[in-house]
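Chain residues, written in single-letter form:
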Amino acid sequence: MNISWTLVLAFLGLVFGHSLSTMIAGGVVGFVIDSMRQSTQRRRAPAAGGYIGPLYALLGAVAKSDGRVSEAEIAVAERLMSRMGLPAEQRQQAVAAFNAGKQPEFDVTPAIEELRQWVGVRRDHAFPVLDVVIDTVLAEGNPPPEKMAILRQLAFALRVSDMELMALMAMKGYAWNAGANYRGPGYGQGNGYAPPQRNTNGPDPYTVLGIGREVDDRAVKRAYRKLISEHHPDRLGDLPEDMRKRAEARASEINAAYERIKAERGFK
């Protein structure tokens, strides 16, 4: 039961203090308590399994967004279920959600909102979610704008910038220029869309770190420290082993990119 200490202490202040000033004082103390409690709740690890329904529904919607669901996209979802080690009940939930997401009338916005609420302020949990969706977006190679539109809508809701999304794509071996800054969930299919392209030369280390080649060495180090702290698998709490392994892979890509830049620039 959620008690509003703002109201409780304001009422007690009025009852025992018999004045407006004691009521206000009690309300202020209660408001501080409520704010601290809400902050603590937002920072807790996400509820185990709370992402299953909205995540797989979103994967189904991404797969169907170009008009058809391919065998490759179904295979991505099935591999994900296996790697997550979902028990029978959660597997059924995932399949049902994926099938619901495939329906023409399915609206991705509520599913994205559920994932946003599940992630909360934990940006380190936002990246594994995006990583999973990117697998479906790239299942057939260079994705059409419909798939990227859903991905960018999700990233926007999870407070992940286009630059950070470009870095995640680079870690998957794809080069992508976001173009104009994303302004909100209504991103359309035009705007000079250019699909992500597989990078045959491997991930660009500067894109992986989310920086331009013109930055100085201090900016490189600062970007590296920020990224490695956000993607470190030790911060992921009780997320499934598959997502932890994804975080480990991203951390390895970040370390490799940093080492390449250090070798290129000659600093330690």
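Residues numbered from 1 in each chain as written. Predicted model: local features only at pLDDT ≥ 70, side-chain atom pairs only at ≥ 80, totals over all residues. Heavy atoms only, no water.

Engineer: What am I meant to see in the overall build of the protein chain here?
Structural biologist: When helices and strands are tallied, the protein chain shows twelve helices and two strands. Along the protein chain, helices (α) and strands (β) appear in the sequence α-α-α-α-α-α-α-α-α-β-β-α-α-α when read from the amino end. Split into buried and exposed, the 268 residues of the protein chain put 45% on the buried side. Considering only contacts within the protein chain whose residues lie at least 6 apart along the sequence, 74% involve residues at least 24 apart. (Helix = DSSP H or I, 4+ residues; strand = E, 2+ residues; numbered from the N terminus. Buried < 20%, exposed > 50% of the residue type's maximum accessible area, 1.4 Å probe, protein only. Contact = heavy atoms within 4.5 Å.)

Engineer: How do you make sense of the packing of helix α7 (residues 123-137) against helix α9 (residues 162-171) when you look at a structure like this?
Structural biologist: Packed helices, taken two at a time, are described by the angle their axes make and the gap between the axes. Put simply, α7 and α9 touch, their axes get as near as 11 Å, and they point 55° apart. As judged from the angle between their axes, α7 and α9 are oblique. Judged by the twist between their axes, the crossing of α7 over α9 is right-handed. The segment α7 lies against α9, with Arg 123, Phe 127, Leu 130 and Ile 134 engaging Glu 164, Leu 165, Leu 168 and Met 169. Of the residues that constitute the contact of α7 with α9, the class distribution is six nonpolar, no polar and two charged. (Axes fitted to C-alpha atoms, helices over the stretch in contact; angles between N-to-C directions. Parallel < 35°, antiparallel > 145°, perpendicular 65-115°, else oblique. Left-handed = near helix turned anticlockwise from the far one by under 90°. Nonpolar A, V, L, I, M, F, W, Y, C, P; charged D, E, K, R; others polar.)

Engineer: Which parts of the structure should I look at to understand the packing of aromatic side chains?
Structural biologist: How two aromatic rings sit relative to each other is set out by the distance from centre to centre and by the angle between their planes. With the rule as written, the count across this model stands at two aromatic pairs. On the basis of an interplanar angle of 5° and a centroid distance of 4.0 Å, the ring pair of Tyr 224 and Tyr 258 is categorised as stacked. Placement of Tyr 224 in helix α11 (residues 217-230) and of Tyr 258 in helix α12 (residues 241-265) is noted, with a sequence separation of 34 residues between them. Of the residues examined, Tyr 224 reaches a relative accessible area of 16% and is grouped as buried. (Phe/Tyr/Trp six-rings, centres within 6.5 Å; stacked < 30°, edge-to-face > 60°.)

Engineer: Can you walk me through the confidence of the model for the protein chain in this structure?
Structural biologist: Predicted coordinates in areas of low pLDDT are best not read in detail. Scored by pLDDT, the protein chain comes out at a mean of 80, with 78% of its residues at no less than 70. Below a pLDDT of 50 lies the segment residues 39-48, which in the model reaches twelve contacts outside its immediate sequence neighbourhood of four places, other chains included. (pLDDT = per-residue confidence, 0-100.)

Engineer: What is the right way to look at a nonpolar patch on the surface in this model?
Structural biologist: Taken together, the side chains of Leu 20, Ile 24 and Val 28 define a hydrophobic patch exposed on the protein surface, amounting to about 290 Å² of accessible area. Mapped onto the secondary structure, Val 28 falls in helix α2 (residues 20-43). (Patch = residues over 30% accessible without salt bridge, like charges linked within 9 Å, V, L, I, M, F, W, Y side chains within 5 Å. Areas by Shrake-Rupley, 256 points an atom, 1.4 Å probe, with all protein chains shown as cover. Salt bridge = Lys/Arg side-chain N within 4 Å of Asp/Glu carboxyl O.)

Engineer: What exactly am I supposed to notice about α9 here?
Structural biologist: Each full turn of the α-helix corresponds to 3.6 residues, which orients residues three or four apart in the same direction. In terms of residue burial, α9 counts as a mostly covered element, since nine of its ten residues are buried. Those residues of α9 that fall on the buried side of the exposure criterion are Asp 162, Glu 164, Leu 165, Met 166, Ala 167, Leu 168, Met 169, Ala 170 and Met 171. Gly 173, located one to two residues past α9, shows a positive phi value of around 90°.

Engineer: Looking at this structure, how should I read the pattern of salt bridges?
Structural biologist: A side chain of one charge can pair with a side chain of the opposite charge if their charged atoms are brought near each other. As enumerated under the stated definition, the model contains 13 salt bridges in all. Between Arg 152 and Asp 162 there is a salt bridge whose closest N-O contact spans 2.6 Å. In this pair, Arg 152 is assigned in helix α8 (residues 145-157) and Asp 162 in helix α9, connecting sequence segments ten residues apart. The partner of Glu 164 in a salt bridge is Lys 226, with the nearest N and O atoms 3.7 Å apart. Taken together, the positions of Glu 164 in helix α9 and Lys 226 in helix α11 put the pair 62 residues apart, joining distant regions of the chain. Of the residues examined, Glu 164 reaches a relative accessible area of 15% and is grouped as buried. Residue classification places Lys 226 among the partly exposed residues on the basis of a relative accessible area of 44%.

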